[in-house]
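Single-letter residue listing:
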Amino acid sequence: GNGPSGICLSYLLSGYTPYFKRHSLHPNPILQRKLEETPEVSVLDQDLEYLSEGLEGRSHNPVALLFDTLQRPDTDFGGTAESVLTWWHEPDRAIPHLVLGRNAPGGAWHSIEGSMVTLSRGEWMGLPDLPFKEWLKQKRRGLRNNRATAEDIAQYYQHYVMKKGLQKNFRCGTVVTSVRKVSAESISKHTQKDLQEDSDSLWSSNEQSTEVFQVDGFFKTVEGDKELFSIYAENVVLATGTYDNPTWLGVKGENLSYVHHQLSALEEAVKNNGVGIMSDPVLIVGAGLTAADAILFAHHCNIPVIHVFRRRVGDPGLIFNQLPKMMYPEYHKVHQMMKEQTAACAGPYERYISFPEHHVLSFGKDKKCILQDKNGCQKAYKISMALVLTGSNPNLSFLPKDGIDLAMDSDQPVNPKRNPIDVDPFTYECTQEKGLYALGPLAGDNFVRFVQGGALAVASSLLKKTNKNPP
């Protein structure tokens, strides 16, 4: 995967090494004292468990909190204190690696509608040693309400890869079809010989591993052909995110052509005049941020909306009840619409009706959809199109058994929120498969600011394995 997790890890594996910046002051006195103990030793070579002990914040992963607070010391309190890290390029500590991705560097950010504003503040989208705000300034753009558009972020990630000289490690337009363990002996002798000629190769490590991973897939060439490849590696990092498979409701008629599972379908329909002011309402299912984005988009285009979701409007689990009003005025507006504009009582917003505690029973060929409330009462509505926006799941079809054995609960599919991959919190290595690592949403880190600590943990672990640590 070549989203923010993959890019950040590539930066750390390319010999870019973080040290505590002498004479800088971290607002957390305990962490400050620990950092002052051995400032000449890079953060990658220190004991990450010791440094992250006792840190609290908006992630459950200790190293995610550590790396975030080193880069943005008081950001959760609205502060703008500078990073306490300084970066040195030490090329002799680089670890040879490849970053495979379907699209340009930036991952799923390239498939999100470009004008959408991010949930996170702009500075939280930045990667190490190239502040997002500074990059925006060069583009002569300010941050709207401290937040950036998806297009800005996608461009920033591509720029980051170029600016930091990482592009030689990136192979875009690749699709991985299989990752599996094979015995080193089974790989043909000439492949080994080729690899041995590269002094930095995985074969020249001190203790030769008896098992390696075989990674198979194909490149999409400019002509549109597929070119197959096989790569052998001692370590593989899964950083494929979670946008691949939208969740289905599993109801009758969901596969009909007017039922969609991505926000882009609504944008497309508006562009092609498939829906408009005069059309039947668009049905939007879900109560997360993607559903809210769809409602805002439809509202902006004056398209009538029927909004269906299972929870109560006041449910504390609803994301809207967790966002500060000041920073997220547009989501607050959607939440208000959900509260004030139910089918039972007309409110001030035109062209929108909310159905809390309802679910879809079926979609009919005649574009009639049947809704049911918690008491079993049913209603039918004629709609122009339906958008089921109830989350998404990762696509791990390239792993044996879809990676289910790697999850916390190995009876259930991997899910970033409910059932992430089970990893060691200080190395991010899978507990069930040595040499395999998982980063980002797959390991339960769902925000860009927190995926970077996972990359720090992986890089630290790989450096220890390859003995690239200074004494």
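Read on for a plain summary of the structure. Note that the coordinates shown come from a computational prediction; the quantities given were computed from them, not determined experimentally.

## What about the overall build of the protein?
- Helix and strand counts for the protein come out as 11 helices and 21 strands.
- By the burial criterion, 50% of the 471 residues in the protein qualify as buried.
- Long-range pairs, those at least 24 residues apart, make up 67% of the contacts in the protein with a sequence separation of at least 6.
- A total accessible area of about 23,100 Å² is found for the protein, and carbon and sulfur atoms account for 51% of it.

## Structural notes on the sheet that holds strand 13 (residues 282-285)
- As summarised here, the arrangement of the five strands in space is 12-19-13-14-15, forming an open sheet in which the pairing is parallel. On the outer flanks of this sheet lie strand 12 (259-260) and strand 15 (352-355), each paired with one strand and no other.
- In terms of strand pairing, strand 12 meets strand 19 (residues 385-388) through two bridges, oriented parallel. Among the inter-strand pairings, His 260 is bridged to a residue of strand 19, identified as Leu 387.
- Its contacts with the sheet put helix 9 (residues 289-300) on strand 13, strand 14 (305-308), strand 15 and strand 19, and the angle it makes with strand 13 is roughly 160°.

## Notes on the pattern of salt bridges
- All chains considered together, the criterion is met by 14 salt bridges.
- In this structure, the salt-bridge partner of Asp 68 is Arg 72, at a minimum N-O distance of 3.1 Å.
- Put simply, Asp 216 and Arg 180 hold a salt bridge, and the shortest N to O gap is 3.9 Å. Note that Asp 216 is positioned in strand 8 (residues 211-220) and Arg 180 in strand 7 (residues 174-183), a separation of 36 residues in sequence.

## Topic: helix 2 (residues 29-37)
- For helix 2, the set of buried residues is Leu 31, Gln 32, Lys 34 and Leu 35. Here the buried residues of helix 2 occupy an arc of 165° about the axis, which is enough to place them on one side. Seen from the buried face of helix 2, the exposed residues on the opposite side, beyond 90 degrees, are Pro 29 and Arg 33.
- The elements touched by buried residues of helix 2 are strand 1 (16-20), helix 3 (48-52) and helix 4 (62-71).
- Between the side-chain oxygen of the N-cap and the backbone nitrogen of Ile 30 there are 3.0 Å, and the N-cap of helix 2 in question is Asn 28.

## Some remarks on unusual backbone geometry
- Unusually for a residue other than glycine, Lys 367 sits at a positive phi of about 65°.
- Looking at the element boundaries, Lys 367 is found in the loop between strand 16 (358-363) and strand 17 (368-373).
- By relative accessible area, Lys 367 is classed as partly exposed at 32%.
- Of note in this structure, Asp 402 is not a glycine but carries a positive phi near 55°.
- Secondary-structure assignment places Asp 402 in the loop between strand 20 (392-393) and strand 21 (436-438).
- Residue Asp 402 is classed as partly exposed on the basis of its relative accessible area of 48%.

## Some thoughts on the nonpolar core
- In this structure, Leu 238 and Ile 421 are the most contacted members of the largest nonpolar core, which totals 74 residues.
- Element by element, the count of residues in this core is highest for helix 11 (residues 448-465), at nine residues.
- Residue contacts for Leu 238: discarding those within four places in its chain leaves Phe 398, Leu 399, Leu 406, Ile 421, Leu 436, Tyr 437, Ala 438, Leu 439 and Leu 442.
- Membership of the second largest hydrophobic core comes to 30 residues, among which are Ile 284, Ala 291, Ile 303 and Val 305.

Calculation rules
- Residues numbered from 1 in each chain as written.
- Predicted model: local features only at pLDDT ≥ 70, side-chain atom pairs only at ≥ 80, totals over all residues.
- Heavy atoms only, no water.
- Helix = DSSP H or I, 4+ residues; strand = E, 2+ residues; numbered from the N terminus.
- Buried < 20%, exposed > 50% of the residue type's maximum accessible area, 1.4 Å probe, protein only.
- Contact = heavy atoms within 4.5 Å.
- Areas by Shrake-Rupley, 256 points an atom, 1.4 Å probe, with all protein chains shown as cover.
- Pairing = 2+ DSSP bridges.
- Axes fitted to C-alpha atoms, helices over the stretch in contact; angles between N-to-C directions.
- Salt bridge = Lys/Arg side-chain N within 4 Å of Asp/Glu carboxyl O.
- Arc of directions from axis to C-beta.
- Polar contact = N/O pair within 3.5 Å; in protein donor to acceptor, adjacent residues only side chain to side chain.
- Core = buried A, V, L, I, M, F, W, Y, C linked by side-chain atoms within 4.5 Å.

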